Amino acid sequence: MINIITKENGKIVVTPNITVLPGSLANLLWIDLLSPSSEEKSLIEKAMEIELFTRQESKEIESSSRYLENEEEVGINLNFLKRNPEGGFANEPVSFILKDDILITQRSGEYNTFTDTLKKINIFKPKTGADIMLTLFETRIDFDADLIENITDQISGISKDLVKDNDLERDLLIRITSLQETTIAIRENIVEKQRILSSILKSRFFPKDDYETIRVMIKDVGSLLDHTAFSFERLEFLQNTFLGLVDMEQNRIIKIFTVVTVVFMPPTLIASMYGMNFVFMPELDEVWGYPFAILLMILSSAATLLFFRRKKWL
């Protein structure tokens, strides 16, 4: 699908599902390709005299493949975080090409970033495709900030559960681990934006009037990186606290079994003595012999417990 965004008589006009580009490109600001077919790609490549990124090129992880610039155009491959059905996040590549002040974007999924950007450009009326690209980045950075804020709220919830929950469950550790993986993914995504924005700041394709906006975005990205680092430290602290509480619980259980074992050792010794079947054991022939043995076992257990309490081991 191809969406064409033009500026006509001071108004932003969005033309969806177009199959033929307008004859004049003078008013053209943005061409948005959403899961385009081979025919649609060919149409854009021929009309704009460009070569769109392939799926493989968009997924390249090298920094040199993320930002490309020549005398005619700027090409950017940027990963957008998309939520999985399982609840986690995965990177989906989105490509940007800026040529003759016209922005061409290529993506395979729906993102609120694009929807929100369309609403914004209807208000501030961008002059060029470069303005729209920066607006897309600003909107995406705001989305990253919302993600981090959501993670912070979840971390606070886990912290409260850890304090009030006496029965430590495996699900709590899984939640912490899942948030750690999400935080790492967000951090990698933000670092990628930071590198691209730094490259844009050096580019001649963006007006000098936009430099201050770009610098502000770089500062915002730096703040988000600090926030993700802090969130990751909190998650590590919670993980260590959880494991420490588990160790304490295990030690308590082991302590109980150890005490029980030691308490029953004297009675076991006494019972063993009377089970040795010696010929000469006078109390075996007495009426009080059996009660005496039972009493002796009880007293030995009580004496052991009293000794433990005096030593403050219980």
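The structure this text deals with has already been given above.
Each value, and the rule that gives it
Each chain has its residues counted from 1, running along the sequence as written. For this predicted model, a pLDDT threshold of at least 70 governs which residues receive local features, and a threshold of 80 or more governs which side-chain atom pairs are given and counted, while totals over whole chains, interfaces and linings are taken from all residues. Working from all heavy atoms in the structure, the side-chain values ignore hydrogens and water. The helix and strand labels rest on DSSP assignments: H or I over at least four residues marks a helix, E over at least two residues marks a strand, and numbering proceeds from the N terminus. Think of it in three bands: with a 1.4 Å probe and only protein chains considered, a residue is buried below 20% of the maximum accessible area for its type, exposed above 50%, and partly exposed in between. Residue contacts are defined here by distance: any two heavy atoms, one from each residue, within 4.5 Å place the two residues in contact. Calculation of accessible area relied on Shrake-Rupley with a 1.4 Å probe; when residues are assessed, cover is drawn exclusively from the protein chains displayed. Counting rule applied: Lys, Arg positive; Asp, Glu negative; His and chain ends not counted. A carboxyl oxygen of Asp or Glu within 4 Å of a side-chain nitrogen of Lys or Arg is what we treat as a salt bridge. Strands pair, by our definition, only if DSSP identifies at least two bridges between them. Angles run from 0 to 180 degrees between N-to-C directions of axes, and those axes are lines fitted to C-alpha atoms, restricted for helices to the stretch in contact. As used here, the arc is the angular range of directions from the helix axis to the C-beta atoms.

### Describing the overall build of the chain
Moving on, step 1. For the chain, the helix and strand inventory stands at nine helices and seven strands.
Moving on, step 2. Counting only residues that meet the buried cut, the chain has 38% of its 314 residues in that class.
Moving on, step 3. Considering only intrachain contacts with a sequence separation of at least 6, the fraction spanning at least 24 residues in the chain is 65%.
Moving on, step 4. A total of about 18,700 Å² of accessible surface is found on the chain, and carbon and sulfur atoms cover 56% of it.

### Let's talk about the side chain of D131
Moving on, step 1. Residue placement: D131 occurs in helix 5 (residues 129-164).
Moving on, step 2. One buried charged side chain, D131, makes no salt bridge at all; its nearest oppositely charged neighbour is K127, positioned 6.8 Å away.
Moving on, step 3. Among residues more than four places away in sequence, those in contact with D131 are P126 and D210.

### Remarks on the sheet that holds strand 1 (residues 2-8)
Moving on, step 1. The strand order 2-1-3-7-6-5-4 describes an open sheet built from seven strands, whose pairing is mixed. Of all strands in the sheet, those with a lone pairing partner are strand 2 (11-16) and strand 4 (67-69), marking the two edges. Ignoring strand direction, the axes of neighbouring strands in this sheet form an average angle of 20°.
Moving on, step 2. When strand 1 meets strand 3 (residues 28-34), the two strands line up antiparallel, connected through five bridges. The residue bridging I2 from the neighbouring strand is L33, located in strand 3.
Moving on, step 3. Relative to the sheet, helix 4 (residues 112-124) contacts strand 1, strand 2, strand 3, strand 5 (73-83), strand 6 (89-99) and strand 7 (102-107), its axis offset from that of strand 3 by approximately 165°.

### Thoughts on helix 1 (residues 38-48)
Moving on, step 1. For helix 1, every residue scored as buried is listed here: E40, I44 and M48. Considered in projection along helix 1, the buried side chains sweep an arc of 45° and stay on one side of the axis. What points out from helix 1, more than 90 degrees from its buried face, is the exposed set S38, E39 and K46.
Moving on, step 2. Looking at the buried side of helix 1, the elements it contacts are strand 1, strand 3, strand 6 and strand 7.

### Quick notes on the pattern of salt bridges
Moving on, step 1. Considering all chains together, one arrives at six salt bridges under this definition.
Moving on, step 2. Of the charged contacts in the structure, one is a salt bridge between R66 and E192, with a shortest N-O distance of 3.6 Å. You can see R66 sitting in helix 3 (residues 63-66) and its partner E192 sitting in helix 6 (residues 170-201), a full 126 residues away along the chain.
Moving on, step 3. When its relative accessible area of 7% is taken as the criterion, R66 is described as buried.
Moving on, step 4. Each of the salt bridges in this network shares a partner with another, and the network as a whole consists of D32, R107 and E110.

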